[in-house]
Amino acid sequence: MILDNILLGLTSVLSGYNLLAVAAGTGLGLFVGAMPGLSATMAIAILLPVTFVFKPETGISMLASIYMGAMYGGSIAAILIRTPGTPAAAATILDGYPMAQRGEAGRALGISLTASFVGGIISSLFLLTVAPVLGGIAVMFGPVELFAVAVLGMTIIGSLSQGSAIKGLLAGSLGLLFSTVGMDSVTGIPRFTLGNINLFSGIPFTVALIGLFSIPQAIRLIEKEESLVERVNLITDRILLPWREIRPLIPTFIRSSLIGVFTGIIPGTGGDTACWFAYNEAKRASDDKESFGKGSPYGIAAPEAANNAVVGGALIPTISLGIPGSSSTAILLGGLMIHGIMPGPTLMTEYAGVTYTLLWAIFLSNFFMFAEGILFTKACIFVTRISNKVLSVAIVVLCVIGSFAINNNFFEVGLMFGFGILGYFMDKLKIPVAPLVVGLILGRMLDVSLHQSLLMSQGSWMIFLENPISAVLLFIALFSLIQSTPIYGRWRASRRKKSGEAR
Amino acid sequence: MRKSRWIVGILVLLVCVMAGQAAFAEYPTKQITVLQGFKAGGGSDTLAQLTQPFLEKAIGQSFINQYIPGATGAIAWTQLAKTAKKDGYTLSITNTPMLQTNYIMNPEITYNISELEPIANVVTDPGIIVVAKDSPYKTVEDFLKAAKENPGKLTVGNSGVGGDDFFTTLIFEKASGLKFQMIPFEGDGPSWQAAMGGKIDASFNNLGITYPQIKAGNLRALAVFTENRYELIPDVPTAKELGYNVVSGSSRGYSAPKGIPAETRDTLIAAFKKMAEMPEFVKACNDRASIIDMKFGDDYAKMLKEQEAAFKIIWDEVKEQYQGKK
């Protein structure tokens, strides 16, 4: 039965129209992804009404391909101009831009493209084969478990702020504070909104992110004398990587892809969270932690494999149970609904024709992404030949368009500039922005799920330890917290010394 | 040759002017903008995409959706009430109870329904109580018995403070004298998903939203808050049958700003009446488990007004518990 459906889907996706839709969707995804300020979720939301003229499978396949394409596209801007094209590419900046500055932009983009491709393929395979089995994981995550996930995520701040723990924690706390702005969804009380209803829904994460990264970069570009600025236009290296470069990255690809798939499955977390988890794990697993943040290939491969793996992961509960795994898939589900397809467990049976076409479209979009990605990236590299003064203005214009287009609201353009100024001064004071971003992403989840859990337990904190999933996650969080303190370093040093003596 | 071109040109011009004048006389002559207070792909958008193809046929003009999400719809509705032109070319999808509870609960939100001209309600998604398929509560009697024995201990989810499920729970508590531990979630989805995963004892939700899961057997419906049993789920008793006079749900329709010309209002209402009679529209609604509940003009306004009064009373009773003493 399932095999029949898989074959049915394959023949359906190979029809001319569907292939064209996937190719066009992926290309469009690459484009919006690469534009700072325009994100996949936004592109899907804007294009959704356009797809109503298509057949459901064609329209939905196209939207899903946009999602896939944008996940790679986001890294192009992150690597070349140090502004994340999509929120899911924020972690790519940390190592992508330094590598590009060394004159290895082509290599950085090649690593990103290969990682995106591998992440996408792995998650597509999960999606095609074991989606019904893994879909159930989504309902295993209620408020208690989500709280533990958020706590685990918070420990990333520790590893992002090595060197200056105080400044990192300061930025992280600032992020948490910003995340409390808006209507408290458990009590219905607006907090820190200054009576402005535009802040009732909280600070839109994408708006803050655009401001924090892109505006300081635009200013930075014009601050220095043109001739003094290190230009990244000397692309002498190839985008297609030789095998010897790829081989050492394979464990990172696989680990990050798995992180991406599982983060995708958990409702409420998507690429913007997965990229940090993967980056953190790559750093933890590495022997050479010092190279991270200075252009490490692992630091590019990890977030990029993870954010593309999220696409398949987020679709797993979406198609097997009708539970969206991320904000982009929530819009996709809405799209299905509007096409007259009831999202729910019947997607894989009653609407198998549409669903399996979509699954194959996701799989194929990886290949389109790779092929179109090479061409597109080559074109994008010319960005670095543009005069910095022009580029700077272009970035600001895109930021304004992007922050307006998210909710069609001018207030958010102002908010974006506010965060831009904050980002600029944080940069001057050498306070890392990344922990702020992590705090802002996870803060709301942390706050809401904690409150909900305590309501469920009638105020008992033991609920977090009685629940096996949350207990394990909290234990891992505690361990990684200890790992980033000096105590652990000393303990390891003494152990190494002992084993050295024994030898 | 040249002469004949001139004649053709003049003729074309004449036709254009006449067409323009004819159009000037009758609303609508251009696209109608629909403000949406929620994201594309959400419940409001679903209604928009469901109704607009039929409305376009009925009114002879196309609709264009503008999405202004934020503050549970309040940003779009404030715009509709305060700044939209009162010419009938700007409408909004208005959903209850958010349309009223927004300003009842938050003094910062300044619009209210007296500034709107309700055109037509289209659908109402009735309230429902659902539990996981392996829940110990097989029937509504089991559930109510457990609630009676453990007052304030049974955890029931809702879609958020101020949402329809939140108010349904409060009204039901009042009618039954029972007390639940209410858990607000961020939307209907997380609420039923928590019930399905056994994280909470039950979810007060909506029929149309949970129907696919009920049909697939992942969720069990215990009771529905409608006047009569609903044909999709004939075995599920209504709260009324059980002796609790609670009928509740969330409704979606279209409203214009107050002060649009009377003829324009009539034209719009006529278009909705025409749409309601189209068999394709009825079929499209049934396919999506959307429950048609047409109410036009004054009837819709009356419904909104009555709800507003009811929500005010309930909110005043529980306000302190949620927002503290002021």
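Residues numbered from 1 in each chain as written. Chains lettered and ligands numbered in written order. Predicted model: local features only at pLDDT ≥ 70, side-chain atom pairs only at ≥ 80, totals over all residues. Heavy atoms only, no water.

Visitor: I tried to follow the overall build of chain A on my own but got confused; where do I start?
Guide: The number of helices and strands found in chain A is 22 helices and two strands. Here the C-alpha atoms of chain A give a radius of gyration of 22 Å, agreeing with the 23 Å that 2.2 N^0.38 yields for 503 residues. Every one of the 503 residues in chain A was classed for burial, and the buried ones make up 62%. Partitioning the contacts of chain A with sequence separation of at least 6, the portion at a separation of at least 24 is 79%. A total accessible area of about 19,100 Å² is found for chain A, and carbon and sulfur atoms account for 70% of it. (Helix = DSSP H or I, 4+ residues; strand = E, 2+ residues; numbered from the N terminus. Rg over C-alpha atoms; globule rule 2.2 N^0.38 Å. Buried < 20%, exposed > 50% of the residue type's maximum accessible area, 1.4 Å probe, protein only. Contact = heavy atoms within 4.5 Å. Areas by Shrake-Rupley, 256 points an atom, 1.4 Å probe, with all protein chains shown as cover.)

Visitor: Hey, could you run me through the overall build of chain B in this one?
Guide: Looking only at helices and strands, chain B has eleven helices and ten strands in total. If you line up chain B on its principal axes, its C-alpha atoms span 95 × 45 × 30 Å. The buried share among the 326 residues of chain B stands at 58%. Summarising the internal contacts of chain B: among those between residues at least 6 apart in sequence, 76% fall at separations of at least 24. Within the structure as shown, chain B displays about 14,200 Å² of accessible surface, and the carbon and sulfur contribution to it stands at 55%. Positive and negative side-chain charges in chain B, numbering 35 and 35 respectively, have mean positions lying 5 Å apart. (Lys, Arg positive; Asp, Glu negative; His and termini not counted. Charge placed at Lys NZ, Arg CZ, Asp CG, Glu CD.)

Visitor: How should I be thinking about the environment of Met-183 of chain A in this particular structure?
Guide: Looking at where Met-183 of chain A falls in the secondary structure, it is placed in strand E1 (residues 182–183). Here the alpha-carbon distance between Met-183 of chain A and Phe-200 of chain A, two residues 17 residues apart in the chain, equals 5.1 Å. The residues contacting Met-183 of chain A, other than those within four sequence positions of it, are Gly-188, Ile-189, Pro-190, Phe-200 and Arg-444 of chain A together with Asn-106 of chain B.

Visitor: Could you clarify how one ought to interpret helix H4 (residues 56–81) of chain A in this entry?
Guide: Along an α-helix, a turn takes 3.6 residues, which lines up residues three or four apart on a common side. Residues and elements named next belong to chain A. In a regular helix each residue adds 1.5 Å, so 26 residues correspond to 38 Å; H4 covers 37 Å between its end C-alpha atoms and thus fits that length. Where burial is concerned, most of H4 is hidden: 25 out of the 26 residues are buried. Count one or two residues on from H4 and you reach Arg-82, which has phi positive near 60 degrees. (Expected span 1.5 Å × (residues − 1).)

Visitor: I would appreciate a short explanation of the packing of aromatic side chains in the present structure.
Guide: Two numbers describe a pair of aromatic rings. These are the distance of the centres and the angle of the planes. All names here are of chain B. Under the criterion given, the structure shown has 27 aromatic pairs over all chains. Considering the side-chain rings of Phe-38 and Trp-77, the 6.0 Å spacing of their centres and the 65 degrees angle between planes classify their relative orientation as edge-to-face. Here Phe-38 is found in the loop between strand E1 (32–36) and helix H2 (43–59), whereas its partner Trp-77 is found in helix H3 (residues 74–82), with 39 residues between them in sequence. Note on Phe-38: relative accessible area 22%, which makes it partly exposed. By way of ring pairs, the aromatic residues Tyr-137, Phe-143, Phe-172, Phe-180, Phe-204, Phe-225 and Tyr-244 are connected into one cluster. Between Lys-30 and the ring centre of Tyr-89, over which it is positioned, the NZ or CZ distance is 4.7 Å. (Phe/Tyr/Trp six-rings, centres within 6.5 Å; stacked < 30°, edge-to-face > 60°. Lys NZ or Arg CZ within 6 Å of the ring centre and 35° of its normal.)

Visitor: Could you clarify how one ought to interpret helix H7 (residues 188–196) of chain B in this entry?
Guide: All names here are of chain B. In terms of burial, H7 is a largely internal element, eight of the nine residues being buried. Along H7, the residues classified as buried are Asp-188, Gly-189, Ser-191, Trp-192, Gln-193, Ala-194, Ala-195 and Met-196. A positive phi of about 70 degrees marks Gly-198, the residue just after H7.

Visitor: In this structure, what is going on with the nonpolar core? I would like to understand it.
Guide: For soluble globular proteins, nonpolar side chains are generally found buried alongside one another. Among the nonpolar cores identified, the biggest contains 161 residues, and Trp-276 and Val-437 of chain A are the most heavily contacted of them. Ignoring anything within four residues of it in the chain, the contact list for Val-437 of chain A reads Phe-205, Leu-209, Leu-212, Phe-213 and Trp-276 of chain A. Core analysis: the next-biggest nonpolar cluster, separate from the first, contains 55 residues, Trp-77, Met-182, Met-303 and Trp-315 of chain B among them. (Core = buried A, V, L, I, M, F, W, Y, C linked by side-chain atoms within 4.5 Å.)

Visitor: How should the interface of chain B and chain A be read in this particular structure?
Guide: Many authors give the size of an interface as the accessible area that is lost as the parts come together. Counting residues at the interface gives 45 residues for chain B, matched by 46 residues for chain A. Surface buried jointly by chain B and chain A totals about 3,700 Å² across both partners, of which 60% is contributed by carbon and sulfur atoms. The largest contributions to the chain B side of the interface with chain A come from Glu-186, Lys-199 and Arg-288 of chain B, which together make up 16% of the buried area. Across the contact surface, chain B and chain A share ten residue pairs in polar contact (both at pLDDT 80 or more). Among the secondary structure elements, those contributing two or more residues to the side of chain B that touches chain A are H2, strand E2 (63–67), H3, strand E6 (181–184), H7, helix H8 (207–216) and helix H11 (297–323) of chain B. (Buried area = accessible area lost by both parts, 1.4 Å probe. Polar contact = N/O pair within 3.5 Å; in protein donor to acceptor, adjacent residues only side chain to side chain.)

Visitor: Hey, could you run me through a positive patch on the surface in this one?
Guide: On the surface, a cluster of positive charge is contributed by Lys-289, Arg-492, Arg-495 and Arg-496 of chain A. With respect to the helices and strands, Arg-492 of chain A occurs in helix H22 (residues 486–502). (Patch = residues over 30% accessible without salt bridge, like charges linked within 9 Å, V, L, I, M, F, W, Y side chains within 5 Å. Salt bridge = Lys/Arg side-chain N within 4 Å of Asp/Glu carboxyl O.)

Visitor: I keep staring at empty space enclosed by the protein and nothing clicks. Help me out?
Guide: Any space left empty among the atoms is revealed by the rolling of a water-sized probe across them. All names here are of chain A. Evaluation of the coordinates by the stated rule reveals three cavities of 30 Å³ or more. Around the largest cavity, the lining residues are Gly-37, Leu-38, Ser-39, Pro-84, Gly-85, Thr-86, Pro-87, Thr-206, Leu-209, Ile-210 and Ser-214. Its residues placed into classes, the lining of the largest cavity shows five nonpolar, six polar and no charged. (1 Å grid on protein atoms, 1.4 Å probe; cavity = no way out; pocket = protein on both sides within 12 Å on 5 of 7 lines; lining within 4 Å. Points joined across faces, edges and corners; volume = space filled by probe spheres on them. Nonpolar A, V, L, I, M, F, W, Y, C, P; charged D, E, K, R; others polar.)

Visitor: What is the right way to read the domain arrangement of chain B from this model?
Guide: Residues and elements named next belong to chain B. Considered domain by domain, chain B is made up of domain 1 (28–124 + 250–322) and domain 2 (125–248). Placing the centre of domain 1 and that of domain 2 at their C-alpha centroids yields a distance of 26 Å. If you look at the interface, domain 1 gives 16 residues, while domain 2 gives 18 residues. Between domain 1 and domain 2, a total of about 1,400 Å² is buried, with carbon and sulfur atoms accounting for 73% of that surface. For the pair domain 1 and domain 2, the number of links is one salt bridge. A salt bridge links Lys-174 to Glu-317; the shortest N-O distance between them is 3.3 Å. Within the residue set of the side of domain 1 that touches domain 2, elements represented by two or more residues are helix H4 (98–105), strand E4 (116–132) and H11. (Domains from an automatic or database assignment.)

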